[in-house]
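Geometric and topological summary
Listed here are the chains, written in short residue letters.
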Amino acid sequence: MTPLLKVQNIKKYFPMHGGLFSKVVSQVRAVDDVSFDLNRGEILGLVGESGCGKTTLGRMTLRLLEPTGGQVFFNDEDILKLDHKALTRLRPKMQIIFQDPYGSLNPWFNVERIIGEGMRIHKLADAKNLAEKVEEMMVKVGLLPKNKKRYPHEFSGGQRQRIGIARALALHPDYLVCDEPVSALDVSIQAQIVNLLQKLQQESGMAMLFISHDLDVVKHLSQTIAVMYLGKIVETGPTEELIREPAHPYTRALLDAKPSTNPKNRAKKAPLPGDVPSPMNPPSGCHFHPRCPEAHERCKTEEPEIQLINNNRSVRCHLFDPAGK
Amino acid sequence: MPALLDVDNLRVHFQTDEGVIQAVRDVSLQIQEGETLALVGESGCGKSVAAMSAMRLVPTPPGEYVSGNIHFDGRDVFSLSKSELQDLRGNDIAMIFQEPMTSLNPLLTVGDQIMEAVCLHQNKSARDARKITLDVLRQVAIPSPEERIDQYPHEMSGGMKQRIMIAMAISCKPKLLIADEPTTALDVTTQGQILNLLDELRRSTGMAILLITHNLGLVAEYADRVAVMYSGKIVEEAPVETLFEFPAHPYTRGLLNSIPQNKSGGTLQSIPGEPPNPANLPPGCAFYPRCQWSRPGFEEKLPPQFSVPDSHPDHKVACWLYENGERPNFES
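Residues numbered from 1 in each chain as written. Chains lettered and ligands numbered in written order. Predicted model: local features only at pLDDT ≥ 70, side-chain atom pairs only at ≥ 80, totals over all residues. Heavy atoms only, no water.

A few words on empty space enclosed by the protein. Within the structure shown, the criterion is met by eight cavities of 30 Å³ or more. By volume, the largest cavity is sized at about 100 Å³. Every residue along the wall of the largest cavity is listed here: B:Arg25, B:Tyr230, B:Lys233, B:Val235, B:His249, B:Gly284, B:Cys285, B:Ala286, B:Phe287, B:Leu302, B:Pro303 and B:Ala318. When its residues are assigned to classes, the lining of the largest cavity shows eight nonpolar, two polar and two charged. The wall of the second largest cavity is formed by A:Tyr229, A:Lys232, A:Val234, A:His248, A:Gly285, A:Cys286, A:His287, A:Phe288, A:Glu303, A:Pro304 and A:Arg316. For the lining of the second largest cavity, a count of residues per class yields five nonpolar, three polar and three charged. (1 Å grid on protein atoms, 1.4 Å probe; cavity = no way out; pocket = protein on both sides within 12 Å on 5 of 7 lines; lining within 4 Å. Points joined across faces, edges and corners; volume = space filled by probe spheres on them. Nonpolar A, V, L, I, M, F, W, Y, C, P; charged D, E, K, R; others polar.)

This part is about the side chain of A:Gln161. All names here are of chain A. Inspection of the secondary structure puts Gln161 in helix H5 (residues 157-169). Here Phe98 takes part through its backbone oxygen, which lies 3.1 Å from a polar atom of the side chain of Gln161. Those residues in contact with Gln161 that lie beyond four places of it in its chain are Phe98, Gln99, Pro101, Pro181, Leu185 and Ile193. (Helix = DSSP H or I, 4+ residues; strand = E, 2+ residues; numbered from the N terminus. Polar contact = N/O pair within 3.5 Å; in protein donor to acceptor, adjacent residues only side chain to side chain. Contact = heavy atoms within 4.5 Å.)

Further remarks concern the packing of H5(A) against helix H6 (residues 187-204) of chain A. Residue and element names in this part refer to chain A. Packing of H5 against H6 brings their axes to within 10 Å, and their N-to-C directions diverge by 15°. Regarding the angle of H5 to H6, the classification is roughly parallel. Like other packed secondary-structure pairs, H5 and H6 cross with a definite hand, here right-handed. In contact with Gly158, Gln161, Arg162, Ile165 and Leu169 of H5, H6 contributes Ile189, Gln192, Ile193, Leu196, Leu197 and Leu200. (Axes fitted to C-alpha atoms, helices over the stretch in contact; angles between N-to-C directions. Parallel < 35°, antiparallel > 145°, perpendicular 65-115°, else oblique. Left-handed = near helix turned anticlockwise from the far one by under 90°.)

Moving on to the packing of aromatic side chains. A complete count under the given rule lists 11 aromatic pairs over all chains for this structure. Pairing A:Tyr250 with A:Phe288 gives two aromatic rings, centres 5.3 Å apart and planes at 65°, and the pair type is edge-to-face. Placement of A:Tyr250 in helix H9 (residues 249-257) and of A:Phe288 in the loop between H9 and helix H10 (297-301) is noted, with a sequence separation of 38 residues between them. Across this residue pair, the class does not change: A:Tyr250 and A:Phe288 are buried. Of the aromatic side chains, those joined through ring pairs into one cluster are A:Tyr229, A:Tyr250 and A:Phe288. Over the ring of A:Phe109 we find A:Arg113, and its NZ or CZ is 3.7 Å from the ring centre. Taking the ring centre of B:Phe246 as reference, the NZ or CZ of B:Arg327 above it sits at 3.9 Å. (Phe/Tyr/Trp six-rings, centres within 6.5 Å; stacked < 30°, edge-to-face > 60°. Buried < 20%, exposed > 50% of the residue type's maximum accessible area, 1.4 Å probe, protein only. Lys NZ or Arg CZ within 6 Å of the ring centre and 35° of its normal.)

Taken together, the contact pairs 40 residues of chain A with 44 residues of chain B. Roughly 3500 Å² is buried in total at the junction of chain A and chain B, and carbon and sulfur atoms are behind 49% of that figure. Along the contact surface separating chain A from chain B lie 10 residue pairs in polar contact (both at pLDDT 80 or more). Going through the elements one at a time, H6, helix H7 (215-221) and H9 of chain A are the ones with two or more residues in the side of chain A that touches chain B. (Buried area = accessible area lost by both parts, 1.4 Å probe.)

All names here are of chain A. Taken in spatial order, the eight strands of this open sheet run E6-E7-E8-E3-E9-E10-E12-E11, and their pairing is mixed. The outermost strands of the open sheet, each flanked by one partner alone, are strand E6 (94-97) and strand E11 (307-308). Where strand E7 (residues 175-179) and strand E8 (residues 207-212) come together, five bridges link them in parallel fashion. Residue pairing for E8: Val177 is matched across the bridge by Leu209. (Pairing = 2+ DSSP bridges.)

All names here are of chain A. Strand order in the open sheet formed by four strands is E2-E1-E4-E5, and the pairing between neighbours is antiparallel. Both outer strands of the open sheet, strand E2 (23-38) and strand E5 (77-78), are each paired with one neighbouring strand and no more. Two strands pair when backbone bridges link them, and strand E4 (residues 69-74) and E5 are joined in this way by two bridges, in the antiparallel orientation. Residue pairing in the sheet places Phe74 in a bridge with Glu77 of E5.

Attention now goes to unusual backbone geometry. Residues and elements named next belong to chain B. The omega torsion of the bond from Thr60 to Pro61 falls at -15°, within 30 degrees of zero and hence cis. Tracing the chain through its elements places Pro61 in the loop between helix H1 (47-53) and strand E4 (63-72). Cis rather than trans, the peptide bond between Pro61 and Pro62 has omega equal to 5°. As for its placement among the helices and strands, Pro62 is situated in the loop between H1 and E4.

A few words on H5(A). Residues and elements named next belong to chain A. Taking 1.5 Å per residue as the helical rise, H5 with its 13 residues ought to reach 18 Å, and the 18 Å between its terminal C-alpha atoms agrees with that figure. Counting buried positions along H5 gives 11 out of 13 residues, so the element sits mostly inside the fold. Burial in H5 covers these residues: Gly157, Gly158, Arg160, Gln161, Arg162, Ile163, Gly164, Ile165, Ala166, Ala168 and Leu169. Summarising the contacts, the buried residues of H5 are in contact with E6, helix H3 (111-121), helix H4 (130-140), E7 and H6. (Expected span 1.5 Å × (residues − 1).)

What follows covers the pairing of strand E1 (residues 5-18) of chain A. Residues and elements named next belong to chain A. Note that E1 and E4 share five bridges and pair antiparallel. Counted as the bridge partner of Lys11 is Gly69 from E4. Relative to E2, E1 runs antiparallel, the two sharing 11 bridges. Paired with Pro15 across the strands is Gln27, a residue of E2. Hairpin geometry of E1 and E2 is characterised by an intervening segment of four residues between the two adjacent antiparallel strands and by a positive phi of about 75° at Gly19.

What follows is about the pairing of strand E10 (residues 233-239) of chain B. Residue and element names in this part refer to chain B. Taking burial as the measure, the seven residues of E10 include seven buried ones, the bulk of the element. Count of turn residues in the strand E9 (residues 225-230)/E10 antiparallel hairpin: two residues, of which Ser231 carries a positive phi of about 50°. Note: E10 against strand E12 (residues 316-317), two bridges, orientation antiparallel. If you follow Glu236 over to E12, its bridge partner there is Val317.

This brings us to the pattern of salt bridges. Residue and element names in this part refer to chain B. What the rule picks out here adds up to 33 salt bridges over all chains. Taking the shortest distance from any N to any O, the salt bridge between Arg130 and Asp150 comes out at 3.2 Å. In this pair, Arg130 is assigned in helix H5 (residues 126-139) and Asp150 in the loop between helix H6 (145-148) and helix H7 (158-170), connecting sequence segments 20 residues apart. Of the residues examined, Arg130 reaches a relative accessible area of 31% and is grouped as partly exposed. On the accessibility criterion, Asp150 (43% relative accessible area) is partly exposed. (Salt bridge = Lys/Arg side-chain N within 4 Å of Asp/Glu carboxyl O.)

See below:
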């Protein structure tokens, strides 16, 4: 079976201008040579720290950002080759919910219009049943239909995120990008939204790219995890395997950085030294080597290639030995 | 031993267009020398206002200290004069904030900003101040401090800026450091570095830390005692191990259950609903509408603090379920 979404060697370089006539002096490799598959009904968790390119990658898979190179196949169709009209036809099938439930809703539209706009444009509802479908969606995400004439500012953060989810799901997408959907919410509300997304995903069978810096949430939701560091995916694999035996030192560091919830079992592991380097000036060789506790000479000069650990797992690290010593 | 900071029945209100916001409602808490107290709660629960009150930093108006007392090191904070207050802030109590990016002045070098605090609070000459500044930069593990001291905030990463904030805070050797969500804006791998640093400084200098956070993981890792706040009130207070062993208040239980644990899949036990509007609080237990164990009558009267039976003597909970002196059965 072919995957629903196939991303191949995708890149996004942002030019940096400088000098006298604002010449392009260098490039920021926000996403550099990333490939992955996403099957129907699968949830892929994309983890990384701020600035690692995870949002850029997510947006490129929807062609909300034009990649510098590479291919994105959705249902075997290269979406980067589509013209505007063909892309519009595809839009309802590929949706996104954003991190910031404050900035991503039009403050001049009431909830009914926000949720209904997509259905109206893509002719998924006519004037007669639009109101009814909007109410149906509101109930589905746990909003009261009587509030449909209200505006975004009248809702709390959690409720606004529910509006965002209803807006995206009203179009019955096959593929949903969730870009840090719970990071801006309080802990008790986070759990509500995670549960809601999980329930809706199970009901609809859509595939999801779940982007987050919170390994706990990703682990809870996704079947597969991809870990990103400075524009590259450094490790991928099925969630349980990856958590049990992380192959990349960065994945291990992320797992260790998570505080335990048992005060009797204080980890007191040495945290990773240093900060995430600037993507404008990434370290030579393996981008992770200045912070890596196990780095050796080769890591400083030579960039590691992707190596397969088994059929489902891969890692980008010199230290990984396929012979399994 | 008298507490370093003793907040007694503090009540802080804000006058707004929507009415009176009761941000802090009869909060009492004590911090001993050298200990880390974590103040836990969600946004808007009043934890920052309660902490800022220790330095009388709440602007009045719109804020108003309605009632209560605050003593720091035996001194009555509310009776201090303006210059005595100036002395208390910085010299005795220092604070670091969530956003290191916006808390630093972008137009001054970080060295100048730290030196300003040193000169102001310690009456040092510029040369001595620079020496002290270099010392504190070393203390917070800034690499090559001689270069960094003359750099501007934009030349530094988020974690580095938070270290600068900490350097500024500890430059006058405070007895209490208030850390208001110090790592919320930082990356996961940087978070551990900053909290380890605070913990080391606490050990080496003996200062106390009031750690304000919504992250229970950090509490488990770094706090000695915990106070949980909800809608302006402290609903539970306990030594950290006791709290995680038996979270007594239904809200604390809900918070802990909301964290995705090691198992993947399944449904999270979330707390239904949302916190009440602080301008329109119910007369009784504020958690009543979201609580699965609440019983009729709980919404009418505020629960007092009860001791939690069969637990640490300092384990207190404000919940009617403990009225009869027995542990409620949360399993049923």
